[in-house]
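Per-entry structural report
Listed below are the residues making up each chain.
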Amino acid sequence: MEKSIWDANTDLSECQLYYAPRSEAYFPQVQGLVDDVPTMFVGDAAGGTDYRLGLSGSRGLMAGTFIAESLLSLVQSGASWEESLWGAMSSYQTWWNKLVEVEFSQDDSKLTWRPDMYQKYLFEGRSYLEDATQLEV
Ligand SMILES: Cc1cc2nc3c(=O)[nH]c(=O)nc-3n(C[C@H](O)[C@H](O)[C@H](O)COP(=O)(O)OP(=O)(O)OC[C@H]3O[C@@H](n4cnc5c(N)ncnc54)[C@H](O)[C@@H]3O)c2cc1C
């Protein structure tokens, strides 16, 4: 027998509906002290645009990669962990500021299809193998 969680007698008066609109939003400042703890915000906690071509998801992953690489490079150059952390936070804010300039508030419904977006989110860091049947990552 097929079971259903709802039927005609189900009381839906307490039902709550949540939804995520397809729109963009961002925070200008994505790092700083939160309750005295050095903090960086990545992914949707920093900001996101419409989801087409995986822009929002990719942007968060790129931010995480950028922060990890900045931190590693500073530690490897001999800076202390604390200095490295503050350095990475500052670099991340600069990275984010530049990104916001070209990716947010563009009033461009075709943002996803812009050549620089294609380059950054689909092609960068990849190359075609010689026989051009596979994408090398
Ligand atoms: C309907 C929809 C469709 C989408 N489609 C696509 C798509 O096709 N391609 C794409 O790239 N992106 C898509 N996105 C966007 C993508 O899902 C997000 O950009 C991505 O998930 C952001 O990842 P995140 O880790 O920053 O945040 P999230 O995935 O939201 O992760 C945040 C996590 O933190 C947890 N959390 C929140 N507050 C607290 C707290 N106080 N304590 C502990 N944990 C907490 C949450 O429960 C959650 O697990 C879509 C989003 C939606 C809503």
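Residues numbered from 1 in each chain as written. Predicted model: local features only at pLDDT ≥ 70, side-chain atom pairs only at ≥ 80, totals over all residues.

**Digging into helix α1 (residues 55–76)**
Over its 22 residues, α1 extends 31 Å from the first C-alpha to the last, a length consistent with the 32 Å expected when each residue adds 1.5 Å. Every buried residue of α1 is listed here: Leu55, Arg59 and Ala63. Buried residues along α1 cover an arc of 80° about the axis, so they all sit on one side. Exposed side chains of α1 directed beyond 90 degrees from the buried face belong to Leu61, Thr65, Ala68, Glu69, Leu72 and Gln76. Glycine 78 sits one or two residues past α1 and shows a positive phi near 105°. (Helix = DSSP H or I, 4+ residues; strand = E, 2+ residues; numbered from the N terminus. Expected span 1.5 Å × (residues − 1). Buried ≥ 20, exposed ≤ 12 C-beta atoms within 10 Å, placed from the backbone. Arc of directions from axis to C-beta.)

**Some thoughts on the site of the ligand**
The environment of the ligand is formed by Ala20, Gly43, Asp44, Ala45, Gly48, Tyr51, Gly54, Ser56, Gly57, Ser58 and Gly60. For the shell around the ligand, the residue count by class is three nonpolar, seven polar and one charged. (Near = placed C-beta within 6 Å. Nonpolar A, V, L, I, M, F, W, Y, C, P; charged D, E, K, R; others polar.)

**Things to note about the packing of α1 against helix α2 (residues 81–103)**
At a minimum axis distance of 8 Å, the contact between α1 and α2 shows a crossing angle of 140°. Comparing their axes, α2 and α1 come out oblique. Read as a crossing pair, α1 and α2 show a hand that is right-handed. Contacts between α1 and α2 involve Phe66, Ile67, Ser70, Leu71, Leu74 and Val75 on the former and, on the latter, Trp81, Glu83, Ser84, Leu85, Gly87, Ala88, Ser91, Tyr92 and Trp95. Looking at the contact of α1 with α2 residue by residue, the class counts come to 10 nonpolar, four polar and one charged. (Axes fitted to C-alpha atoms, helices over the stretch in contact; angles between N-to-C directions. Parallel < 35°, antiparallel > 145°, perpendicular 65-115°, else oblique. Left-handed = near helix turned anticlockwise from the far one by under 90°. Contact = placed C-beta atoms within 7 Å.)

**Considering unusual backbone geometry**
Of note, aspartate 35 is a non-glycine position whose phi angle comes to about 50°, a positive value. If you trace the backbone, aspartate 35 turns up in the loop between β2 (31–34) and β3 (37–40). Classification of aspartate 35 as exposed rests on a count of 5 C-beta atoms within 10 Å. One non-glycine residue, aspartate 36, lies in the positive phi region at around 70°. Topologically, aspartate 36 is positioned in the loop between β2 and β3. Residue classification places aspartate 36 among the exposed residues on the basis of 6 C-beta atoms within 10 Å.

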